[in-house]
Amino acid sequence: MRLLSKLSTVLLAGATAVTMFAGASSAGEFDGYTLKVKLIGGAQYEPLYTRIPEWEAATGAKVEILSRKNHFELDREIKQDIASGSINWCVGSNHTSFAPQYGSLYIDLSVVLDEDVVGAISENVNNSSMVDGRLVQLARHSDVSNLYYIKSLYEDEQNKADFKAEYGYDLMPPETWDQVKDQAIFFADPPNFYGTQYVGKDEGISGRFYEMLVAEGGTFFGTDGKVAFNSPEGVRALEWFVDLYEAKAVPAGVPNYLWDETGLGFASGTVALNLDWGGWATFFNSADSKIQGDVGLIRAPKGSSGKRTGWSGSHSFSITEACDNKKAAASFVTFLTNFDSQLLEGRTGLLPTRPDAIAAVIEESRAAGNDWLVEVFETYGASMAEDAFAVPSTPLWIPISNELFPELQAAIVGEKTPQQALDDAAAAANQLIEDEG
Amino acid sequence: MSVMTNIKRKLFSEQATPYVLLLPAVIMILIVVLFPLIFSLYTSFTGYKLTRPDTLFKLVGFRNYVRIFGDWDFWVAFFRTVGFLAVVINLEFLLGLGIALLINKITWGQRTMRTIMMFPMMFSPILVGFQFKFIFNDNVGILNNALQGLGITEAAIPWLVDGWLAMGAIAFAEIWMSTSIFAILLLAGLFAMPKDPLEAAQVDGCNAWQTFRHITLPFLMPFAYIAMTIRSLDVARAYDVVDTMTGGGPAGRTELLWTLIARTGYDSANMGMANAMAYVSIILSIAFTYYFFSKLVAARRYMGGAL
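- If you check an unreviewed UniProt entry, chain B appears there as Sugar ABC transporter permease from Maritalea porphyrae.
- As recorded by UniProt, the Sequence similarities (unreviewed entry) comment attached to chain B reads in full: "Belongs to the binding-protein-dependent transport system permease family."
- What UniProt states about chain B under its Subcellular location (unreviewed entry) heading is, verbatim, "Cell membrane".

- Under the annotation held in an unreviewed UniProt entry, chain A carries the name Sugar ABC transporter substrate-binding protein and is attributed to Maritalea porphyrae.
- Under the UniProt heading Sequence similarities (unreviewed entry), the entry covering chain A gives this text: "Belongs to the bacterial solute-binding protein 1 family."

## Some words on the environment of B:Trp258
All names here are of chain B.
(1) Moving on: Relative to the helices and strands, Trp258 resides in helix H13 (residues 257-267).
(2) Moving on: For Trp258, a relative accessible area of 27% gives the class partly exposed.
(3) Moving on: Taking the C-alpha atoms as reference points, Trp258 and Phe134, 124 residues apart in sequence, are found 23 Å from one another.
(4) Moving on: In this view, Trp258 contacts Ala236, Arg237, Ala238, Tyr239, Ala278 and Ser281; residues no more than four positions away in its chain are not counted.

## Observations concerning the domain arrangement of chain B
(1) Moving on: For chain B, the assigned domains are domain 1 (1-33) and domain 2 (72-302).
(2) Moving on: Each of domain 1 of chain B and domain 2 of chain B was reduced to a C-alpha centroid, and the two centroids are 45 Å apart.

## Here we look at the interface of chain A and chain B
(1) Moving on: On the chain B side, the residues contacting the 35 residues of chain A number 39 residues.
(2) Moving on: Both faces combined, the contact of chain A with chain B buries some 3000 Å², and carbon together with sulfur accounts for 47% of it.
(3) Moving on: Counting every contact that joins chain A to chain B gives 7 salt bridges.
(4) Moving on: Residues B:Arg52 and A:Glu436 are paired through a salt bridge, measuring 3.0 Å at the closest nitrogen-oxygen approach.

## Things to note about the confidence of the model for chain A
(1) Moving on: Residues of chain A with pLDDT of at least 70 account for 94%, and the chain-wide mean is 91.
(2) Moving on: When the criterion is pLDDT under 50, residues 1-24 of chain A qualifies, and its contacts beyond four places in sequence or with other chains add up to 30 contacts.

## Some remarks on the packing of helix H3 (residues 52-59) of chain A against helix H15 (residues 326-336) of chain A
Axes are the key here: two packed helices are described by the angle between their axes and the distance separating the axes.
Residue and element names in this part refer to chain A.
(1) Moving on: One can describe the packing of H3 onto H15 by two numbers: an axis separation of 10 Å at closest approach and a directional angle of 135°. Looking at the two axes, H3 sits oblique to H15. The handedness of the crossing between H3 and H15 comes out as right-handed. Within the contact between the two elements, H3 uses Ile52, Glu54, Trp55 and Thr59 and H15 uses Ala328, Ser331, Phe332, Phe335 and Leu336.
(2) Moving on: Residue composition of the contact of H3 with H15, grouped by class: 6 nonpolar, 2 polar and 1 charged.

## Some words on the nonpolar core
(1) Moving on: In this structure, A:Leu35, A:Val91, A:Phe209 and A:Phe229 are the most contacted members of the largest nonpolar core, which totals 142 residues.
(2) Moving on: Top contributing element to this core by residue count: helix H19 (residues 397-412) of chain A, with 9 residues.
(3) Moving on: Core analysis: the next-biggest nonpolar cluster, separate from the first, contains 73 residues, B:Ala171, B:Phe223, B:Tyr225 and B:Ala276 among them.

## Notes on unusual backbone geometry
Negative phi characterises most residues that are not glycine, and trans characterises most peptide bonds.
(1) Moving on: Omega for the bond connecting A:Pro190 with A:Pro191 falls within 30 degrees of zero, at 5°, which places this linkage in the cis form.
(2) Moving on: Structurally, the position occupied by A:Pro191 is in the loop between helix H10 (177-187) and helix H11 (202-215).
(3) Moving on: Positive phi, normally seen in glycine, also occurs at A:Lys248, with a value near 60°.
(4) Moving on: Following the sequence through the fold, A:Lys248 ends up in the loop between helix H12 (232-246) and helix H13 (259-267).
(5) Moving on: Unusually for a residue other than glycine, B:Ala251 sits at a positive phi of about 55°.
(6) Moving on: Checked against the element boundaries, B:Ala251 lands in the loop between helix H12 (240-245) and H13.

## Digging into the pattern of salt bridges
All names here are of chain A.
(1) Moving on: Taken as a whole, this structure holds 36 salt bridges over all chains when the rule is applied.
(2) Moving on: Glu29 serves as the salt-bridge partner of Lys327, at 3.3 Å between the closest nitrogen and oxygen. Of this pair, Lys327 sits in helix H15 while Glu29 sits in the loop between helix H1 (2-24) and strand E1 (34-40), and the two are 298 residues apart along the sequence.
(3) Moving on: Accessibility expressed as a relative area gives 57% for Lys327, which makes it exposed.
(4) Moving on: Residue Lys164 is joined to Asp170 by a salt bridge in which the shortest nitrogen-to-oxygen separation is 3.1 Å.
(5) Moving on: Residue Lys164 is classed as partly exposed on the basis of its relative accessible area of 40%.

Rules used throughout
- Residues numbered from 1 in each chain as written.
- Chains lettered and ligands numbered in written order.
- Predicted model: local features only at pLDDT ≥ 70, side-chain atom pairs only at ≥ 80, totals over all residues.
- Heavy atoms only, no water.
- UniProt positions renumbered as here; feature names shortened; annotations may be inferred.
- Helix = DSSP H or I, 4+ residues; strand = E, 2+ residues; numbered from the N terminus.
- Buried < 20%, exposed > 50% of the residue type's maximum accessible area, 1.4 Å probe, protein only.
- Contact = heavy atoms within 4.5 Å.
- Domains from an automatic or database assignment.
- Buried area = accessible area lost by both parts, 1.4 Å probe.
- Salt bridge = Lys/Arg side-chain N within 4 Å of Asp/Glu carboxyl O.
- pLDDT = per-residue confidence, 0-100.
- Axes fitted to C-alpha atoms, helices over the stretch in contact; angles between N-to-C directions.
- Parallel < 35°, antiparallel > 145°, perpendicular 65-115°, else oblique.
- Left-handed = near helix turned anticlockwise from the far one by under 90°.
- Nonpolar A, V, L, I, M, F, W, Y, C, P; charged D, E, K, R; others polar.
- Core = buried A, V, L, I, M, F, W, Y, C linked by side-chain atoms within 4.5 Å.

Here is the structure:
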């Protein structure tokens, strides 16, 4: 059975790769052309670029990588390119959170890409890749967060009895964010052990607040075009962060945490529950982690509206309007998001945006007896298909986030009440909206 | 025709030669320094957004400046930067002076010590920021684990969350990285110091403290003020270490001028406002530079032209 499954995966991968590659370009099609690109750099993103020589050999083109930086630095560089009018490159890495800022920098990809190339990507992801009704990005992999937990805590009979006595319901991996709060407070034993944690600064906390707001039934923008996050739903969402901080159920340093800190903290075995993306899954269950073999994973819990949190973003590629050879650029982004490319990224733990690549990674992991990766990709695949939603598609998302996150932090560390913090953030955000005209 | 000849004659005349020779340098300075300054000053009166080049011509008058003058957060960051500058530079001076005096006493392995002393300067500020960010991490950081392991505290000290502790942690990183600038300049001063006044002081029966206070220190002060001028400009623009360790947060508790300006200008793309902030903050750099230069001149006058 395993042999059959392995064989079918290999055949599926091979057939799709041949089809995709043949569809994308023909040998020598771009002989002598140099394609200039600006790509996101970093350990998680680099393995894909080892495939670039294959595209060069197949098409005769050369790829010149002008930049290879983390996304925040790349974003700054792209903004400077726009300001100085020096767009002399064709393909750029992009992200759903950043894309709305760039105006008309990038073209509508549905004009230059074949329908089957776009259609191979999950519809939910493609919808998030649109800006003003234009598909400006072709997503390479997505991130959405689900809840990791330490299994042994939930198997401990003493914990079960104590929790039931204190909270009146059975200790189970949480289904709602209120249960997460109860359990986090129950497990916390600072400074040795914490119930949970969250990213607490920059766009990280803005995005976490946004998804909690949605799960509470609120909206970020009102129908009048102004922000509406200072609503009762917003206050409830922010109180969740504040209550955990006040109860010392999260490390005192969370207002300064980003994903490195939350990931390393959970792997250190000092945190019971951790909402995080799939990129950490392999590490959490590796020999470098103190909780190897004791990690559980469930879909992100629900808010009081019954909706799950699902703040999602996709790393993607875009083609500039100024590109002098859009056909070559289209061939390149097609190649970097085709089945083989996504399979390669999927094997490192990143979540492919093509359902067939997710299925193949699951099949491959099952055949290799890696039940953990099967569970990870099934969970993330389901949440990507059913729960995921991107940030509001507006060029003001990042500027508003920059006004919002210091106020969220002020509420978390007790300088302001949640309502006061959100009202102050709303005033600043509405000023930005007014300035934008 | 006669006008052209007249211009040529004047251009190549002997009196014009120095100005003609200076012209390339003047033009380069205009292009490299003056033009960007004028351009950024102009943009501070516009609603210029990096991602929308058309906004470069959207004049908003003094709106950006009016908002800055009424922005409590900006002035808190401004005066926090002044305080940070004062504390960091003074501590760097004291530590640098101590290190320079100690190294000056070494008779064996002095060159090796001088090289080792410069190691922190060789690190990129971003790496220094990451290094101290993880040292001061409240949960998995080395410092808290060491303090708890040694039984000194049972609590997780929120080094990078509490306003005072976070500024202290950032100051520590900044001082660790740059004290050697003071040490090197002061050591150069010690090497250049004539022995005669020291020997005369010994003959006159001065003790070590009196010799240091009345001879060594006045001699070193011009070197110290040069280092202070350089470092005040550096620290007033402190960005990498602060951005990496705290990003100016939480809740703006460690916000310095340049973390605020960079976030406004690049992350929020609001370059018009960021340039207005930068122009207001230049006052700070000019004030510190003027202060240290006037002290430098006074110190040199005090030394009676010995330097």
